[in-house]
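Residue-level structural notes
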Amino acid sequence: MKKFILFIISTSMLFSFSIANAFDWKAHSGKTITILMNEHPVLDGVRSLIPQFEKDTGIKVKVNALAEDLFFDRLEVNLRGGKGADAHFCPMDATAFNQYSADLLQPLNGFLNDSTSPDYDVNDFPAGFLNATNFPGGPGSNYYCIPMSFESYIVFYNKDHVNKYLGGKLPETMDELIDMANKVKADSGGDVAGAVMRGLRTDTNIDTISGLVFNAWGARDIEGPYGVWFDGDWSKPRLDDPAIQKGLSDYAGLMAAGPSDILSYNWNEAGNAFCAGQAAFFADASLFGPWFETDDCPASKGNTGYIALPPQEKGGTSYTANWQWGIGMGANAQEKEAGWYFIQYMTNKAGEEVIGTYHGGAGRLSTWENDAYTSTLNSEYVSATLESMKTVRTSVVPVQDFNKYALEIMDVILRIHSGASSADATAEGNANFKNM
């Protein structure tokens, strides 16, 4: 849900860094930095730590915060100006790739190697997270953003509906999930949707779609930068690969078990429907989880279960995708060293532990094993999300104008939903890819 959704999990934790003797946090004392972010739960967490950061480092912080609909335009202006912010909220997707392609982003590997506290441990982030901005891909490439908040794609279920219509049984495979969703819809006479999904024709569905396709793709390699959708060359689309066909058909199958107006559902309509208790299952971004446990969702609060995407075969491994917000800096940043101190402070283990309680999508593996963080969240949500992190891969395809391909992928799903065979729908998609 990159377009922001929800939810602040309150915390009153005390925070302080254990400053390693070999690292001088005061090296840039007296400097002032500017950070550019959109209003978001991550920023709420950052704001809570800024006073301690200023005390520990002597660096003063000015926050330039905007509503999200203004942020993206302002970010472009900022990165292309003569003097840019010293750190900025970074959408770790095609937006960042396009900025990298225009030489607007500062590579971070030099700072990671030479200006980082010994206890930072960059390998605590899953490789699938870091690689989202490991442009242009492969060994020796640079990272351009550090993860701050992620979403993977899991399954939410309404416990009352599962108990009433399915005898409490949960799906062990994707085919079972679709069959169960259809059973709920049929046995309730349509009063309860078997599943809610993003059915609206928009390219922004691609991340959730990728989660289901990666689950069908399994452990096979995905070659960067082509993603799962191309076979090692931009001229070789492979929507007709059996695994991709299966993943797209799984998505269409869950749509078919949804309400009659599923084609009008974006993430907010789907999330609100599940929040209101109108559906048995919902496959989408993990970041919905904390919202479903709030008083805003009385039908789902305390009544929501969480599981990783069911595997293709019983007893098999679940796979999924992820999307992220991160933090980076522009090539035109004025105080890069001081800006890097801010970035590493806010993404260190101690910093993430606090900021993560504001949004529920902490990016470090160790944070999900830390009671100070996990105690603020539903335990089933923690288990399902941590399980998804084990096999997560980025949904981002770093190429200009990927949105037009993403829209065609959604069109393939809509053709299958309308009754076309997966073979015919994906063959048409391949042909359209080549014309692009």
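Our subject is the structure that appears above.
In what follows, the accompanying structure is described. For every chain, the first residue of the written sequence is number 1, and numbering continues from 1 onward in sequence order. Confidence filtering applies because this is a predicted model: local features only for residues at pLDDT of at least 70, side-chain atom pairs given and counted only at 80 or more, and all residues used for totals across whole chains, interfaces and linings. For side-chain calculations, the full set of non-hydrogen atoms in the structure is used, while hydrogens and water are omitted.

1. Some details on the environment of Leu248
Where we set the bar: Labels follow the DSSP assignment, with helices taken as runs of H or I lasting at least four residues and strands as runs of E lasting at least two, numbered in each case from the N terminus. In this description, contact between two residues means that some pair of their heavy atoms is separated by no more than 4.5 Å.
Tracing the chain through its elements places Leu248 in helix H9 (residues 242-256). The spatial distance from the C-alpha of Leu248 to the C-alpha of Arg47 is 41 Å, given a sequence separation of 201 residues. If we skip the residues at most four places from it in the chain, Leu248 touches Ile209, Val213, Trp229, Ile409, Val412, Ile413, Ile416 and Thr426.

2. Here's the deal with the nonpolar core
For the record, the criterion: Note on terminology: a nonpolar core comprises buried Ala, Val, Leu, Ile, Met, Phe, Trp, Tyr and Cys residues joined through side-chain atoms within 4.5 Å. Each residue is placed in one exposure class: buried if its accessible area under a 1.4 Å probe, protein chains only, is under 20% of its type's maximum, exposed if it is over 50%, and partly exposed if it falls in between.
Core analysis: the biggest nonpolar cluster contains 140 residues, and Val46, Trp229, Phe281 and Phe342 have the highest contact counts within it. By residue number, the principal contributor to this core is helix H16 (residues 402-417), which donates 9 residues. The residues touching Phe342, leaving out its near neighbours within four places in the chain, are Ile33, Ile35, Val46, Ile50, Phe53, Val61, Ala87 and Ile327.

3. Here we look at the pairing of strand E9 (residues 304-308)
For a regular strand, the rule is simple: side chains alternate between the two faces of the sheet. Let me state the cut-off plainly: Paired strands, as defined in this entry, are two strands with at least two bridges between them according to DSSP.
A large share of E9 lies buried, amounting to 5 of its 5 residues. Of the two faces of E9, the one carrying Thr304, Tyr306 and Ala308 and the one carrying Gly305 and Ile307 are both buried. Sheet analysis places strand E6 (residues 146-158) next to E9, joined by 5 bridges and oriented antiparallel. When the sheet's bridge partners are listed, Asn158 is paired in E9 with Thr304.

4. Considering the packing of aromatic side chains
Stated precisely, the cut-off is as follows: Pairing of aromatic side chains requires ring centres within 6.5 Å, counting the rings of Phe and Tyr and the six-membered ring of Trp. Pairs whose planes differ by under 30 degrees are stacked, by over 60 edge-to-face, and all others tilted. Each ring is checked for a lysine NZ or an arginine CZ that lies within 6 Å of its centre and within 35 degrees of its normal; such an atom marks a charge sitting over the ring.
Scanning the entire structure with this criterion turns up 42 aromatic pairs. For the ring pair Phe156 and Phe288, a centre distance of 6.4 Å and an interplane angle of 80° mean the geometry is edge-to-face. A residue pair is termed long-range when its members are at least 10 positions apart, and Phe156 in strand E6 and Phe288 in helix H11 (residues 288-292) qualify at 132 residues. Relative accessible area serves as the criterion here: at 0%, Phe156 is assigned to the buried category. One residue, Arg364, lies across the ring of Tyr120, its end atom 4.8 Å from the ring centre.

5. Describing the pattern of salt bridges
Should the charged atoms of two oppositely charged side chains come close, the side chains can pair. We apply this condition: Each salt bridge in this description consists of a side-chain nitrogen of Lys or Arg and a carboxyl oxygen of Asp or Glu lying within 4 Å of one another.
Across all of its chains, the model carries 20 salt bridges by this definition. In this structure, Lys31 engages Glu335 in a salt bridge whose closest nitrogen and oxygen atoms are separated by 3.6 Å. Of this pair, Lys31 sits in the segment before strand E1 (32-38) while Glu335 sits in the loop between strand E10 (320-328) and helix H12 (336-347); the two residues are 304 residues apart in sequence, bridging distant segments of the chain. Accessibility expressed as a relative area gives 27% for Lys31, which makes it partly exposed. A salt bridge links Arg238 to Asp231, with the shortest nitrogen-to-oxygen separation between them at 3.2 Å.

6. Remarks on H16
For the record, the criterion: Helix span is expected to be 1.5 Å times the residue number reduced by one.
With 16 residues, H16 extends 23 Å from end C-alpha to end C-alpha; this agrees with the ideal 22 Å at 1.5 Å per step. Most of H16 sits inside the fold, with 12 of its 16 residues counted as buried. Listing the buried residues of H16 in full gives Phe402, Tyr405, Ala406, Glu408, Ile409, Met410, Asp411, Val412, Ile413, Leu414, Arg415 and Ile416. Looking at the residues trailing H16, positive phi occurs at Gly419, about 120°.

7. Notes on the pairing of E1
Let me state the cut-off plainly: Whether a crossover is right-handed depends on one test, that the path from the first strand over the helix to the second runs clockwise when the strands point away from the viewer.
Within E1, 5 of the 7 residues are buried, which leaves the element mostly enclosed by the surrounding structure. The pairing of E1 with strand E2 (residues 60-66) spans 7 bridges and is parallel. Each residue of the ladder has a partner; that of Asn38, found in E2, is Leu66. Where the polypeptide runs from E1 across helix H1 (residues 41-57) and back to E2, its parallel neighbour, the crossover connection is right-handed. Direction of pairing for E1 relative to strand E3 (residues 87-91): parallel, over a ladder of 2 bridges. Bridge assignment links Ile35 to a residue of E3, and that residue is Ala87.

8. A look at the environment of Ile206
By the secondary structure assignment, Ile206 is in helix H8 (residues 206-217). What makes Ile206 buried here is its relative accessible area of 7%. Linking Ile206 and Ala406, residues 200 residues apart in sequence, is a C-alpha distance of 5.8 Å. Apart from residues lying up to four places away in sequence, Ile206 is in contact with Trp229, Phe402, Ala406 and Ile409.

9. Observations regarding the packing of helix H7 (residues 174-187) against H9
When two helices pack together, their arrangement is given by the angle between the helix axes and the distance between those axes. Under the convention used in this document: For helices, the fitted line uses only the C-alpha atoms of the stretch in contact; every axis is such a line through C-alpha atoms, and the angle between N-to-C directions lies from 0 to 180 degrees. Should an angle lie under 35 degrees it is considered roughly parallel, over 145 roughly antiparallel, and from 65 to 115 roughly perpendicular; all remaining angles are considered oblique. When the near helix sits turned anticlockwise from the far one by under a right angle, the crossing is termed left-handed; a clockwise turn instead gives a right-handed crossing. Each residue receives one of three labels: charged for Asp, Glu, Lys and Arg, nonpolar for Ala, Val, Leu, Ile, Met, Phe, Trp, Tyr, Cys and Pro, and polar for the others, Gly being one of them.
Where H7 meets H9, the axes come as close as 9 Å, and the angle between the chain directions of the two elements is 15°. For the element pair H7 / H9, the angle class is roughly parallel. Crossing angle aside, the handedness with which H7 passes H9 is left-handed. On H9, the residues touching Met174, Asp175, Leu177, Ile178, Ala181, Asn182 and Lys185 of H7 are Lys246, Asp250, Gly253, Leu254 and Ala256. Counted by class, the contact of H7 with H9 contains 6 nonpolar, 2 polar and 4 charged residues.

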